[in-house]
Structures are given as structure tokens and as C-alpha cells.
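Geometric and topological summary
Given next are the chains, with one letter for each unit.
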Amino acid sequence: MTLFDSPSFANHEGVHAFMDEQTGLKAIVAVHSTARGPAVGGTRMWAYGSAAEALEDVLRLSRGMSYKNAVADLEMGGGKSVIIGDSRTQKTPELFRAFGRAVNQLGGNYYAAEDVGVSVEDIAEARKETEFVVGLSGGKAGSGDPSPVTAEGVYRATLLAAKRLWNQDDLTGLTVSLQGIGHVGGYLADKLHAAGARLIMTDVNTALLAEVAARTGAEIVAPDAIYDVKADIYAPCALGATLNPRTLDRLTVKAVVGAANNQLATPDIGRILFERGVLYAPDYVANGGGIINVASELKARQTGGVYDPDWVEAKLSRLMETLAEVLDRSAAEGRPTHEIADSIAEARIKAAAELKLAA
């Protein structure tokens, strides 16, 4: 199957491969859409099993960013980048400066930010070679690590699910199975614990897992066992596609609300969840807080202004209203939530593209 034949290609505007022999950089940048503005999306560093696996991931993530940015009503398109490599052993400042030079070649069509395996400090190294990165600390426009804002959005989405399903304003008496306590999951764990939830969690980083469990009183389970625990809410906060034919029948939860991207392995999984009465908060709606935070930085840089936390809060509150609308329409129309969210995103992208074409 060629790139253009892949279902994940999804009419991408551009897919770019970069290699730097001296630093070992092997990166792919996917630009799905610039209809609403420059493509913006995180950079993931992961030890993919093959280049084909990396390509599939970046295409799915890039399209997801177009939808995420549109649903959050941001003047940004969608893109994503992946660096093939183990972030624990192969990360160097020189590699990220090489990545910055690669991003610079795209001339502002794509802005890179943090994602799995990539930190604010890594992006700061890339910034030495290009202006087309966001999620920086320092300076009047700097927004810093977007993870806390992502976690806040997922937390609010979880409260919304609890209100819908159990008619309660906090999480007292509810059990959340939390998969992944990295950049976002750790912040989320603290918020869920403070709201009264009982936590069952897992992560491949056992030291960090023990640290977070100690302060939240969480039960720790092996990575694959997280699907089998008795819980009310499943919070996937690691890599995507954990809702798949292998795991679906093992889950006993009534809601899925998490920070991971591309949680559904295939769209039909979302329909199965709907038919089983499981409330699914579409991933790119629930986890849109981080990109809103980044958008404030980009907006400030474009206008010469400053990072505005009030603007971020207003956008995040509006995004939660959109999630409530998605849940309402799903119930009223008898359609899965991911289909409702997709239709909202697609309509906004289409409208922007038509305006751009007419200009």
C-alpha cells in the first residue's frame, strides 16, 4: 500500500521526512490542514518498531490535531511530528537542534511543541534553530509546559461525565483506572484524588508510578492488567489505540475520559462503546486544554502581546461547553459521541477552507 492509498493519509497537505546523519535524527512531519491557520501540533519521540509504524502514527496524530484545533475554535491548522528513537537513551541537544533546522525548512507551515518523550527543554533547543516552535518557558509570550492545562481539561471532562452518569459534582465513591502517569497523567491523578476518586494506575515507569501512587493512595497494577480492574471510569493517558478489539470486552467501566490521543483503534470501536451505553468523551475534545495554552503563546507572538491566562481559561470553559453539546447531541440523535465531534470539526475546517479559497 502506498502513502496516498493509506486510510490514514486523509487528504494531508504534506508529509515530510528528515534525516541528519551526524545527530541520528530521523523525523517525519505531517501537515494535515492549514485551512484555519498554520499547522500546530506536538513532537513525539518514540522507539517505533519500523518507519511504517512511525508514519502511521504521525498521520493519525496530525489529522487529530486538525480536529482538536477546530473543535477548540483556534486559528490554527493541524500537524504533528515524530522522531524515531528512544527518548531515554538517544536524546541529545544536538538532535533537537537538527530537528529545529528541519522544521525551519517548512517556513512556518508547521509549529512544533512538546509531546510524549519531548520536554520544554528539548523544544528550547530546537528554538535555537527555528522560530517555528511553541510551548516555551520565559519571555512575555511563553506559555511553558502545556501538560497542567491538558490535565485540567480532562479533569473537567471527567466531572462532566460524573454529573451525567451519577448526578454528582465530585468523584467521591468512584474508581478511576488511570493508564499512564507521565506529563499529563501525574497532574490528572492529583486532581482526581483531590476530588475524591479512588485510583488504580499503571505505567511502564515504575519509579514515577510509585511516587504518584504514594501521594494519591492509588493501587498499582501491571500495564496489561489495567483493562481488567473493576472501575467506573477508564482514563487512558499514554499512547493511543488502547480501545481496541483485544481490550474492549475486558473493560467494565461506564465512561472513558482520558488525555491520550487517538484512543479508538478504529471508528467502529466508538460505535460499540455507544451501543453498550459507555459514555466516551472524544479524546481531542477532552484533552484540548494543552493546545489552547499553546495557542495563547502563538497569538501573543503574532501580535506582540503577552501570554494571557484569562484567554486560556475562557477558551477552556468554552471547550467544555462544546463537550456538553456533543454529549447532548449524541443522546438526542442516537449517534456516537466521536461522530458528533467529528462533524463539528469537519464543518469548521470546511468553512475555513472555503473562505481561504474565496479570498
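One can find the structure itself at the top, above this paragraph.
Residues numbered from 1 in each chain as written. Predicted model: local features only at pLDDT ≥ 70, side-chain atom pairs only at ≥ 80, totals over all residues. Heavy atoms only, no water.

This next bit is on the sheet that holds strand 10 (residues 255-256). Spatial strand order, 8-7-6-9-10-11: six strands in an open sheet with parallel pairing. Every other strand in the sheet has two partners, leaving strand 8 (219-220) and strand 11 (279-280) as the edge strands with one partner each. With two bridges connecting them, strand 7 (residues 198-202) and strand 8 associate as parallel partners. Pairing of Met201 across the sheet is with Ile220, part of strand 8. Those strands touched by helix 6 (residues 206-216) are strand 7 and strand 8, and its axis lies near 175° from that of strand 7. (Pairing = 2+ DSSP bridges. Helix = DSSP H or I, 4+ residues; strand = E, 2+ residues; numbered from the N terminus. Contact = heavy atoms within 4.5 Å. Axes fitted to C-alpha atoms, helices over the stretch in contact; angles between N-to-C directions.)

Turning to the packing of helix 2 (residues 93-104) against helix 3 (residues 120-127), a few remarks are in order. Here helix 2 crosses helix 3 at 55°, and the two axes come no closer than 7 Å. By the criterion of interaxial angle, the relationship of helix 2 to helix 3 is oblique. Note that helix 2 runs across helix 3; the crossing there is right-handed. Residues Pro93, Phe96, Arg97, Phe99 and Gly100 of helix 2 lie in contact with helix 3, whose contacting residues are Asp122, Glu125 and Ala126. A per-class count over the contact of helix 2 with helix 3 returns four nonpolar, one polar and three charged. (Parallel < 35°, antiparallel > 145°, perpendicular 65-115°, else oblique. Left-handed = near helix turned anticlockwise from the far one by under 90°. Nonpolar A, V, L, I, M, F, W, Y, C, P; charged D, E, K, R; others polar.)

A separate point is the packing of aromatic side chains. Each aromatic ring pair is characterised by the separation of its centres together with the angle its planes make. Counting across every chain of the model gives four aromatic pairs. When the centroid spacing of 5.8 Å and the interplanar angle of 85° are considered together, the rings of Tyr67 and Tyr284 count as edge-to-face. On the criterion of sequence distance, the pair formed by Tyr67 in helix 1 (residues 51-71) and Tyr284 in helix 8 (residues 283-286) is long-range, its members being 217 residues apart. Each member of the pair, Tyr67 as well as Tyr284, carries the same accessibility label: buried. Sitting above the plane of the Tyr67 ring, Arg63 keeps its charged end 4.3 Å from the centroid. (Phe/Tyr/Trp six-rings, centres within 6.5 Å; stacked < 30°, edge-to-face > 60°. Buried < 20%, exposed > 50% of the residue type's maximum accessible area, 1.4 Å probe, protein only. Lys NZ or Arg CZ within 6 Å of the ring centre and 35° of its normal.)

Phi at Asp73 takes a positive value of approximately 60°, unusual for a residue other than glycine. Residue position: Asp73 is located in the loop between helix 1 and strand 4 (77-84). In this model, Ala241 sits at a positive phi of 60°, which is unusual for a non-glycine residue. Positionally, Ala241 belongs in the loop between strand 9 (233-236) and strand 10. For Ala241, a relative accessible area of 29% translates into the label partly exposed.

Of all nine residues in strand 2 (residues 25-33), eight are buried; the element is thus mostly enclosed. In this antiparallel pair of consecutive strands, strand 1 (residues 14-20) and strand 2, the connection spans four residues, and Gly24 shows a positive phi of 85°. As defined by bridge partners, strand 2 adjoins strand 4 across six bridges and the pair is classed as antiparallel. Across the sheet, Ser33 pairs through a bridge with Gly78, a residue of strand 4.

Turning next to the sheet that holds strand 5 (residues 110-114). The five strands are arranged 1-2-4-3-5 in an open sheet whose pairing can be described as mixed. Looking along the sheet, the strands with just one partner apiece sit at the ends: strand 1 and strand 5. For this sheet the average axis-to-axis angle between neighbouring strands, irrespective of direction, equals 25°. Sheet topology places strand 3 (residues 39-46) next to strand 4; six bridges connect them, and they run parallel. Each residue of the ladder has a partner; that of Arg44, found in strand 4, is Val82.

Honestly, it's all geometry; don't read function into it.
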